[in-house]
Amino acid sequence: MEISIVQLSLVVAQQRDEDTHTDVSQGCGNGIPGIPGVPGTNGLQGPVGPKGDSGSPGLNGIPGQKGDRGQGSKGQPGQKGTTGKAGAKGNKGHQGLPGQKGDKGEETQVPQQPRVAFSVAMTESMGLASGDQVVVYDKVYSNDGNGYSTTSGKFRAPVAGKYYFTISGMRYTGHDLHLCMMKNTSQLPCVYVTNSVDTDYGIASNSVIVDLQQGDEVWVKYGPGDAVYNDSSEYATFTGYLMY
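These numbers come from a predicted model, not from an experiment.

S.K.: I would appreciate a short explanation of the overall build of the protein in the present structure.
M.R.: Of regular secondary structure, the protein possesses one helix and eleven strands. Counting over 244 residues, the protein shows a buried share of 23%. Put simply, the protein shows about 19,400 Å² of open surface, and 51% of that area lies on carbon and sulfur atoms.

S.K.: I tried to follow the packing of aromatic side chains on my own but got confused; where do I start?
M.R.: Enumeration over the complete set of coordinates arrives at twelve aromatic pairs. Ring centres of Phe 118 and Tyr 148 lie 5.6 Å apart, and the angle between their planes is 10 degrees; on these two criteria the pair is classed as stacked. Of this pair, Phe 118 sits in strand 1 (residues 117–121) while Tyr 148 is found in the loop between strand 3 (139–144) and strand 4 (155–156), placing the two residues 30 residues apart along the sequence. By relative accessible area, which is 3% here, Phe 118 ends up buried. Accessibility expressed as a relative area gives 5% for Tyr 148, which makes it buried. When the ring of Tyr 137 is compared with that of Phe 238, the centres are 5.6 Å apart and the planes differ by 40 degrees; the resulting orientation is tilted. Note that Tyr 137 is positioned in the loop between strand 2 (133–134) and strand 3 and Phe 238 in strand 11 (residues 237–242), a separation of 101 residues in sequence. In this structure Tyr 137 comes out as buried when scored by relative accessible area, which is 0%.

S.K.: Could you clarify how one ought to interpret the nonpolar core in this entry?
M.R.: One recurring pattern in soluble globular proteins: nonpolar side chains tend to sit buried together. Ranked by size, the top nonpolar core spans 31 residues in total, and within it Tyr 137, Phe 155, Phe 165, Leu 179 and Phe 238 carry the most contacts. Per-element accounting of this core gives the leading share, four residues, to strand 8 (residues 203–212). Dropping the residues within four chain positions of it, Phe 155 is found in contact with Val 116, Phe 118, Gly 147, Tyr 148, Tyr 163, Phe 165, Leu 212, Asp 216, Glu 217 and Val 218.

S.K.: Help me out: how do you make sense of the pairing of strand 9 (residues 217–222) in this one?
M.R.: For a regular strand, the rule is simple: side chains alternate between the two faces of the sheet. Counting buried positions over the six residues of strand 9 gives six, a clear majority of the element. Where burial is concerned, the two faces of strand 9 agree: the one with Glu 217, Trp 219 and Lys 221 and the one with Val 218, Val 220 and Tyr 222 are both buried. Relative to strand 9, strand 2 is paired through two bridges, and the arrangement is antiparallel. Following the sheet pairing, Gln 133 is matched in strand 9 by Tyr 222. The pairing of strand 4 with strand 9 spans two bridges and is classified as antiparallel. Residue pairing for strand 9: Arg 156 is matched across the bridge by Glu 217.

S.K.: Could you clarify how one ought to interpret the pattern of salt bridges in this entry?
M.R.: Where side chains of opposite charge bring their charged atoms close, a pairing between them can arise. One pass over the structure, following the stated rule, counts four salt bridges. A salt bridge links Glu 234 to Lys 139; the nearest nitrogen and oxygen atoms lie 2.8 Å apart. Here the residue Glu 234 occupies a position in the loop between strand 10 (228–229) and strand 11, and Lys 139 occupies one in strand 3, the gap between them amounting to 95 residues. The partner of Asp 211 in a salt bridge is Lys 162, with the nearest N and O atoms 2.7 Å apart. Residue Asp 211 is found in strand 8, and its partner Lys 162 is found in strand 5 (residues 161–171); the two are separated by 49 residues along the sequence. Judged by relative accessible area, Asp 211 falls into the partly exposed class, the value being 44%. Via salt bridges that share partners, Lys 154, Arg 156 and Glu 217 belong to a single interconnected network.

S.K.: Please clarify how the pairing of strand 5 should be interpreted in this entry.
M.R.: For strand 5, the tally of buried residues reaches eight of eleven residues, placing the bulk of the element in the interior. Bridge analysis of strand 5 against strand 8 gives ten bridges, and the strand direction is antiparallel. Residue pairing in the sheet places Ile 167 in a bridge with Asn 206 of strand 8. Note that strand 5 and strand 11 share six bridges and pair antiparallel. Bridge pairing in strand 11 places Ser 168 opposite Thr 237.

S.K.: Please explain the side chain of Asp 216 as it appears in this structure.
M.R.: Of note, Asp 216 is situated in the loop between strand 8 and strand 9. The side chain of Asp 216 is buried and forms no salt bridge, while Lys 183, the nearest opposite charge, is found at 4.3 Å. Polar side-chain contacts of Asp 216 include one of 3.3 Å to the side chain of Asn 184. Here the side chain of Asp 216 touches Gln 213 through a polar contact of 2.8 Å, landing on its backbone nitrogen. Contacts of Asp 216, omitting those with residues within four sequence positions, involve Phe 155, Arg 156, Ala 157, Lys 183 and Asn 184.

Calculation criteria
Residues numbered from 1 in each chain as written. Predicted model: local features only at pLDDT ≥ 70, side-chain atom pairs only at ≥ 80, totals over all residues. Heavy atoms only, no water. Helix = DSSP H or I, 4+ residues; strand = E, 2+ residues; numbered from the N terminus. Buried < 20%, exposed > 50% of the residue type's maximum accessible area, 1.4 Å probe, protein only. Areas by Shrake-Rupley, 256 points an atom, 1.4 Å probe, with all protein chains shown as cover. Phe/Tyr/Trp six-rings, centres within 6.5 Å; stacked < 30°, edge-to-face > 60°. Core = buried A, V, L, I, M, F, W, Y, C linked by side-chain atoms within 4.5 Å. Contact = heavy atoms within 4.5 Å. Pairing = 2+ DSSP bridges. Salt bridge = Lys/Arg side-chain N within 4 Å of Asp/Glu carboxyl O. Lys, Arg positive; Asp, Glu negative; His and termini not counted. Polar contact = N/O pair within 3.5 Å; in protein donor to acceptor, adjacent residues only side chain to side chain.

Written out as structure tokens, the structure is:
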């Protein structure tokens, strides 16, 4: 068993105390204590003791300075994500500035519709007819387009279109009045005043809108036994015009 220098010094000191005690017990007087000896040298280092318990965590240290930015290369673009839901409708924006004036368009010639219109009347009565006859109106109030002929009593359409016509007439005393508008050889609306009415005279009128081709004729017919009365008041009239 190894004995350290400190342990050896303690043994020597203890032995001295025992020798001193023996001398006293034997009747010897106490001597003057001697001068302390020179301290001994340090003993050998003892063996490593067992590991102690872990101490409490220390305080957080001060954050270090931000390091320099790395020099890594840019990564590849990621895949396109799915389309998100539509957001709420935003507020109406401000009105933009007026745009530049556009180029002038090409001029087009709009065809003007021909002016076709006539209005005629009779100045004398027509006696009893022996058969179907054309009523000839001898007084012309208007004849734009020269479609009506005072010679034939017929209107000939100078252009195709939709036309409006109207007639009027007064019966002669004691006779019926039966006038019909005609388109070429086809009958259009008529006027009729019978002799059975309790008046000497009776007047009637009628109108029609009809499609005509260029060259079609419209005229007024009266038949056997009919008579058309007229005087300066001009009760018998025939009027027509191109609508479009």
